[in-house]
Amino acid sequence: IPAWLPATVAGLMLAVAALSAARLAAARPWARGGGVGTDAAHLLMGIAMAGMLTPRLRTLPDAAWEVVFGVLTAWFAVQVTRDARRSGTPALAAGHCVPHLVHSASMLYMVLAMTAAGPAATGTGGMGMAAASAGTLRYPTLALLFAFLLVGYGIWDLDQLSGRRCAFAPPPVRPAGLAAAGDGARDGHLAAAIGPSLLSTAVTVGCRVAMGVAMAFLLCTAI
């Protein structure tokens, strides 16, 4: 693998993380009672993936990332279960929580499988491309399964974008009863300042496609 390729993908992941941070700041979920959402997941995944691809960009210890992605996987699993109970299992195919569950589970697998290689494979005991190049990734069949799922959902998302099913418009405003007084006006001014496309569903899907491609790339090189 040419040295510039992991660095380029790492840069793409940092761009996704920065875009997700901007979306979080624009939506202000902490002020409107929102929980951990897809933008927060993309922010964390982007930072972690950059560290996997380029050791210089490592941030948190491996054990911390295991906890982070374990929590994210459990959270999205709960959301998928709720969606299935509310809309039925067939409706999950058109939902957005299942792809995020696959992404979170893939990240958890990569952290666990690559850190299991140990200092002998990576030289530092951390996760990264060194573990992959050493051929020490555990359970490669599971890695291949995750790679296929990521590519499949990426194709699905691209189809949604090409079919213009994801509009470049901000998501619907929450009911007035769920927001504090004055939030609507402030959010309206902020949305006008940053442009309506930043909070659109299409941007979310685009970030998800980029994340899936990067994960599949790392998994395939590690198999």
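Residues numbered from 1 in each chain as written. Predicted model: local features only at pLDDT ≥ 70, side-chain atom pairs only at ≥ 80, totals over all residues. Heavy atoms only, no water.

**Q** What exactly am I supposed to notice about the packing of aromatic side chains here?
**A** Describing an aromatic ring pair means giving the distance of the ring centres and the angle of the ring planes. The tally for this structure, following the rule as stated, stands at three aromatic pairs. Relative to Phe69, the ring of Trp65 lies with its centre 5.5 Å away and its plane at 15 degrees, an arrangement referred to as stacked. You can see Trp65 and its partner Phe69 sitting in helix H3 (residues 62-87), four residues apart, about one turn around the helix. Phe69 matches Trp65 in its accessibility class, with the two residues each being buried. For the ring pair Trp75 and Phe76, a centre distance of 5.0 Å and an interplane angle of 80 degrees mean the geometry is edge-to-face. With a relative accessible area of 32%, Trp75 lands in the partly exposed category. Classification of Phe76 by relative accessible area gives buried; the value is 1%. (Phe/Tyr/Trp six-rings, centres within 6.5 Å; stacked < 30°, edge-to-face > 60°. Helix = DSSP H or I, 4+ residues; strand = E, 2+ residues; numbered from the N terminus. Buried < 20%, exposed > 50% of the residue type's maximum accessible area, 1.4 Å probe, protein only.)

**Q** Quick question: what am I supposed to make of the pattern of salt bridges here?
**A** Opposite charge on two side chains permits pairing when their charged atoms draw close. For the structure shown, the criterion picks out four salt bridges. Among the salt bridges present, the one from Asp62 reaches Arg58, with a minimum N-O distance of 3.0 Å. Under the relative-accessibility criterion, Asp62 is labelled buried at 10%. Residue Asp157 pairs with Arg208 through a salt bridge whose shortest N-O separation is 2.8 Å. Residue Asp157 is found in helix H7 (residues 140-162), and its partner Arg208 is found in helix H9 (residues 201-222); the two are separated by 51 residues along the sequence. Residue classification places Arg208 among the buried positions, given a relative accessible area of 7%. (Salt bridge = Lys/Arg side-chain N within 4 Å of Asp/Glu carboxyl O.)

**Q** Help me understand the nonpolar core in this model?
**A** Most often, soluble globular proteins have nonpolar side chains that are buried together. Counting residues in hydrophobic clusters, the biggest one holds 38 residues, and the most contacted among them are Met13, Met49, Met107 and Met110. Mapped by element, the contributors of at least two residues to this core are helix H1 (4-27), helix H2 (38-53), H3, helix H4 (97-115), H7 and H9. Per-element accounting of this core gives the leading share, 11 residues, to H9. (Core = buried A, V, L, I, M, F, W, Y, C linked by side-chain atoms within 4.5 Å.)

**Q** Help me understand the packing of H2 against H9, please; the structure alone is not making it clear to me.
**A** Two measures define how a pair of helices packs: the angle their axes make with one another and the distance between the axes. Contact geometry for H2 and H9: axes closest at 11 Å, N-to-C directions at 30 degrees. Relative to H9, the element H2 is oriented roughly parallel. As H2 packs across H9, the resulting crossing turns out to be left-handed. The segment H2 lies against H9, with Thr38, His42, Met45, Gly46, Met49, Met52 and Leu53 engaging Thr204, Cys207, Arg208, Met211, Ala214, Met215, Phe217 and Leu218. Residue composition of the contact of H2 with H9, grouped by class: 10 nonpolar, four polar and one charged. (Axes fitted to C-alpha atoms, helices over the stretch in contact; angles between N-to-C directions. Parallel < 35°, antiparallel > 145°, perpendicular 65-115°, else oblique. Left-handed = near helix turned anticlockwise from the far one by under 90°. Contact = heavy atoms within 4.5 Å. Nonpolar A, V, L, I, M, F, W, Y, C, P; charged D, E, K, R; others polar.)

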